[in-house]
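# Survey of secondary and tertiary structure
Below, each chain spelled out in residue letters.
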Amino acid sequence: SAVDGALVGMSEDRRLQAVYDALDVASYKQAIKLCDAALKKGDGQTIMALKAMALLRTGKLSEGRELCLEARRGISAPIDDALVHALTLFYRAAGDLPSVLEVNDEAFKCEPNNVVAGTQLFYAAVRLFDYRRQQAIAMRLQRQFSAETHKRPGEARQFAMWTLTSMLLQARPGGSAGAELAPKLVQLATMMLQKAGGPRDVAELRLAIAIAEAHGEAARTLAQARALEPDEAVAAAAAAAATEVETEGARRVLALLREHAGLLGTLGPESSELEAANTARAGDAAGALAVRERVLLGGAEENWLAISRYLDAALPAPAFAGRAGGKAALGGCRSPEPPAPTAACDAQGVADAAAHARSVLEQVLAKQPHARAPLLGRIDVCARLLALASQESPAGTGESPGGADAALAELEEELLAYFKKYADRPCCFEDTRPYFALLVGRESAEALCARADAICAQTEAAGEKGGEIAAGEKGGKNAIDLQRRVTAAQWRAVLGLGGLLGRRARFAVVVKLGVEYGEALPLGDGLEKTELHPADGLLLACSSLICADECPLREIAGMFRPHRTAPAADATVAWTLAAKAAQSTLAAALVLEEGAARSKANFQMKLRLILLYAQLGAAEACRAHFVALGTRKLQLESLLYVVLPVLSSLGNFREAANLTQQTLLWYPEATRETSDTAVLPYKHCNYIQALDFERFRQHIDNSLWRVYCEITDAALSLSAAPADVPGALAKLDSLGLTERVRTAGGVRPFVLALVSNLDTAVFESLAPVRGEAELREAVVSSVCTRTAFSIALESCVGMRANCRAALVVAETEMLVGLGGGGGLGDSDGGGLGGGGGGGGKAGPLNT
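Note that the structure is a prediction, hence the values are computed from the model and not measured.

Helices and strands together make up the secondary structure of the protein, namely 38 helices and zero strands. Relative to its 847 residues, the protein shows a buried fraction of 48%. Surface accessibility of the protein: about 38800 Å² in total, with carbon and sulfur atoms responsible for 56%.

Taking 1.5 Å as the rise per residue, helix H11 (residues 202-226) with 25 residues should run 36 Å; its terminal C-alpha atoms sit 36 Å apart, in good agreement. Of all the bends in H11, the greatest measures close to 30° and is centred on Ala214. Counted residue by residue, H11 has 18 buried out of 25 residues, so it is predominantly covered.

Glancing now at the packing of helix H16 (residues 347-367) against helix H17 (residues 373-390). Interhelical geometry of H16 versus H17 gives an angle of 170° and a closest axis separation of 9 Å. Relative to H17, the element H16 lies roughly antiparallel. Residue-level inspection shows Val350, Ala354, Ala357, Arg358, Leu361, Glu362, Val364 and Leu365 of H16 in contact with H17, the latter providing Pro374, Leu375, Gly377, Arg378, Val381, Cys382, Leu385 and Leu388. Within the contact of H16 with H17, the residues separate by chemical class into 12 nonpolar, one polar and three charged.

The next subject is the packing of aromatic side chains. In the structure shown here, the tally under the stated rule is 15 aromatic pairs. Ring geometry for Phe122 versus Tyr682: centroids 5.2 Å apart, planes at 80°, classification edge-to-face. With a gap of 560 residues between them, Phe122 in helix H7 (residues 115-127) and Tyr682 in helix H31 (residues 680-683) connect regions that are remote in the sequence. Like Tyr682, Phe122 is buried.

Another point: the environment of Thr243. Relative to the elements of secondary structure, Thr243 occurs in helix H12 (residues 232-259). Thr243 sits in the partly exposed class, given a relative accessible area of 42%. Taking the C-alpha atoms as reference points, Thr243 and Ala219, separated by 24 residues in sequence, lie 8.1 Å from one another. In this structure the side chain of Thr243 is engaged in a polar contact, spanning 3.3 Å, whose partner is the side chain of Arg220.

Our next topic: the confidence of the model for the protein. Low pLDDT marks stretches whose predicted atomic positions should not be read closely. Model confidence for the protein is summarised by a mean pLDDT of 78, while 81% of its residues fall at 70 or above. Every residue in residues 1-9 is under pLDDT 50, and counting partners more than four places away or in other chains gives zero contacts. Low pLDDT, under 50, characterises residues 564-569; the stretch is placed with three contacts to residues that sit more than four places away or in other chains.

The next point concerns the nonpolar core. A general trend in soluble globular proteins is that nonpolar side chains are found buried together. Counting 140 residues, the largest nonpolar core has Trp491, Tyr641 and Trp705 as the members making the most contacts within it. The leading source of residues in this core is H17, at 12 residues. Tyr641 has contacts with Leu553, Ile556, Phe560, Trp705, Leu758, Asp759, Thr760, Phe763 and Leu775, leaving out every residue within four places of it along the chain. Grouped together as the second largest cluster of nonpolar side chains are 86 residues, Cys35, Tyr123, Ala171 and Ala218 included.

A word on the packing of helix H18 (residues 404-422) against helix H20 (residues 444-462). Where H18 contacts H20, the two axes come as close as 10 Å, and the packing angle between them is 25°. With respect to H20, the element H18 is oriented roughly parallel. Taken as a pair, H18 and H20 cross one another with a handedness that is right-handed. Residues Leu408, Glu412, Glu413, Leu415, Leu416, Phe419 and Lys420 of H18 lie in contact with H20, whose contacting residues are Ser444, Leu448, Arg451, Ala452, Ile455 and Cys456. Residue classes in the contact of H18 with H20 are distributed as eight nonpolar, one polar and four charged.

The terminal C-alpha atoms of helix H6 (residues 97-110) lie 20 Å apart, and with 14 residues this matches the ideal 20 Å at 1.5 Å per residue to within 8%. Of the surrounding elements, those touching the buried residues of H6 are helix H5 (81-93), H7, helix H8 (131-144) and helix H30 (653-677).

By the element assignment, Asn602 lies in the loop between helix H25 (571-598) and helix H26 (603-616). Residue classification places Asn602 among the buried residues on the basis of a relative accessible area of 5%. A polar contact is formed between the side chain of Asn602 and the backbone nitrogen of Met605, at a distance of 2.9 Å.

Bringing the side chain of Asp380 into the picture now. Within the secondary structure, Asp380 is located in helix H17. When its relative accessible area of 0% is taken as the criterion, Asp380 is described as buried. Here the side chain of Asp380 touches Tyr435 through a polar contact of 2.7 Å, side chain to side chain.

Together, Phe507, Val511 and Val515 make up an exposed nonpolar region whose accessible area comes to about 280 Å². Along the chain, Phe507 turns up in helix H22 (residues 503-520). A residue is classified by how much of its surface remains accessible, and Phe507, at 57% relative accessible area, is exposed.

Our focus in this paragraph is the pattern of salt bridges. Using the criterion set out here, one finds 39 salt bridges in the structure. The salt bridge involving Arg485 is made with Glu460; its shortest N-O contact spans 3.2 Å. One end of the pair, Arg485, is in helix H21 (residues 476-494); the other, Glu460, is in helix H20, with 25 residues separating them in the sequence. Overall, the relative accessible area of 23% leaves Arg485 in the partly exposed class. In this structure Glu460 comes out as partly exposed when scored by relative accessible area, which is 31%. A salt bridge links Lys512 to Glu516; its shortest N-O distance comes to 3.0 Å. Of this pair, Lys512 and Glu516 both sit in helix H22, four residues apart, which is roughly one turn of the helix. Look at the salt bridges and you will find they share partners, linking Arg172, Glu694, Arg697, Asp701, Arg706 and Glu710 into a network.

Parameters at a glance
Residues numbered from 1 in each chain as written. Predicted model: local features only at pLDDT ≥ 70, side-chain atom pairs only at ≥ 80, totals over all residues. Heavy atoms only, no water. Helix = DSSP H or I, 4+ residues; strand = E, 2+ residues; numbered from the N terminus. Buried < 20%, exposed > 50% of the residue type's maximum accessible area, 1.4 Å probe, protein only. Areas by Shrake-Rupley, 256 points an atom, 1.4 Å probe, with all protein chains shown as cover. Expected span 1.5 Å × (residues − 1). Bend = angle between axes of the 7 residues up to and from the residue. Axes fitted to C-alpha atoms, helices over the stretch in contact; angles between N-to-C directions. Parallel < 35°, antiparallel > 145°, perpendicular 65-115°, else oblique. Contact = heavy atoms within 4.5 Å. Nonpolar A, V, L, I, M, F, W, Y, C, P; charged D, E, K, R; others polar. Phe/Tyr/Trp six-rings, centres within 6.5 Å; stacked < 30°, edge-to-face > 60°. Polar contact = N/O pair within 3.5 Å; in protein donor to acceptor, adjacent residues only side chain to side chain. pLDDT = per-residue confidence, 0-100. Core = buried A, V, L, I, M, F, W, Y, C linked by side-chain atoms within 4.5 Å. Left-handed = near helix turned anticlockwise from the far one by under 90°. Patch = residues over 30% accessible without salt bridge, like charges linked within 9 Å, V, L, I, M, F, W, Y side chains within 5 Å. Salt bridge = Lys/Arg side-chain N within 4 Å of Asp/Glu carboxyl O.

Structure, rendered in structure tokens:
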């Protein structure tokens, strides 16, 4: 009877719930017992799928798969949602996303009018990042549930947006569509959007803007592909066509903004930035500048990004082009690159532009009298004028008939005015640091710092409270004076003045800073463990001074390069210099150890300690400090370059292998997390966010550091188990380097196309000369060498003769770094292993 059937169903639901409860508390053996008991009572395939999950958790994957294959026979109309859900849980836990797609496909075929089943099928394709497949499914849903036949037309339109998003993801640079098909796919998406009536809300407008911008991106990608063809006329025509298409794409965006102005009311500055960016891209630089000026004068809040973008348009200078960065939120729009300054600037035009920019900044300052951004804008104008004037200077003189001296004097006065107002705040140094690159090596740098010291002395003597910090607070006045002295010391360090002093003079300054630090220690009493000591900046400046303000990244860059042995005649001199350098490095480390013990939350101090111990070759101390940082996930990838070369080059292979494997574990974990969350943009109709997920996935799949760690892991496994040659070769074979290099056109093009995520800014805050470019080139050269030798190792699999000898050679090359920067090919990147930077002697395989 119906009553009996209902009772049976209730009993089955209770047994299902009991199994779920056991799985939730990780009682897998109990879950298996409950499943076996339920199966004896005749329960269906859902229990079977849950038993498979319990078997998976106990390490019996193969048995679980067999049960799931049997349970899948129960997928029929009407769909048992519990069965599909249980099967999906199993396959996702097993990492078998293609099977999730198959299960949902089978379910949708049983009920093609079930919109929920169709939606879940689409989500399964999204988690696979199979954009061609998800486009096909979205179009299938769009036809099946058209607005004319579907009860909820909103869902039918959503399926159309899913189709457009899938097409856009295929056509993006590096997408699956390829250079030839991408322009056609973007054109088709544009036609489909027009047929759908255009965008109706902000989310759809973002998508429409992204499609309009994709025309130029696809054309530019096609032009780059055509540039490789031998016919120069074809390449030139493709480049000209790409420029025209990009301009037309900008006009499309502007037309969308005009047509749908009502949708932009809540976005304000973002829509204005989009208008300015595309106006500039369309070739109307004056119009773009007017838009940015309007935004700047119309804003009621402090906005440094708006000021820097305005100045990029008004006074483009070589040293500051693009320093605003950022990305407009609307449509993921690309801000145009600031126009490059001409070699011979129109002096009157530059002066007029600077005067107008200063007038605009004064208007902003009148509206925002307590804001820092307009004052920084005045500094920025002076810095741009100095950079432009210095273009005309004779090399190395720093003098110019074009007004470099006057611009330099104005810049120094603005910096001192900013120092006088904000030196009692930690932000003062970070705000002004980008401009010191123009002052390093100039004779006036010492005078500038002397005037800053004089300001500190005057304010302390006069008893002025300065800034907006209350002097009545406990220790408030001393803390204010201390921060001024810290800022002045940081200015000296970043200008490299310590490197100009002799050892005795530097020692005297170090002692002075140490005394000031000791006097300031009571100010740290009562601070929480997560708070920084107010005098930490003194010790950081002190350590930089001890090392003569040398760039700390240069030593790390040297560890990625080939090692050289000094000639016998110069050995004594080399060892003497090395010993003196080691004394300074050790002294700097001892200073920072004192500070790190008192300010446990100072991340920058600990990172600098890691670098110092790396320079000393103290692998264990370097590793211990790195582990104590607690770096995880993306941060681990961006900072591991500091410690891994040290451990490998000093033979600490076990710890190097542990850190390498710890890093490599993050990539599949990040892929799973990205896959799980990739459906959110489609669920919440935030279509443009799908591009962000795709960019992050591309970062994971094409990480330069991932390739470096994977090759290093294979080499380290050889050092740990020399007899396990097949295991190491299997690791290398799984990377597919040979095919990836062949597709890229050589080793160096392949490596340069990878995503480099090396965080270097944290190490160079006090460095007068940056070493980031040098470090990145050293890393690229090292990865080129390792990639080339790894491909050579893979080729040894087919020829057993001399295989072991080749492995020994390659292991030595990769771990000790004796191989030259070049690969298995021409130094310019041609052939299989195009050059890797050169500079070292060629390795045996290279020879």
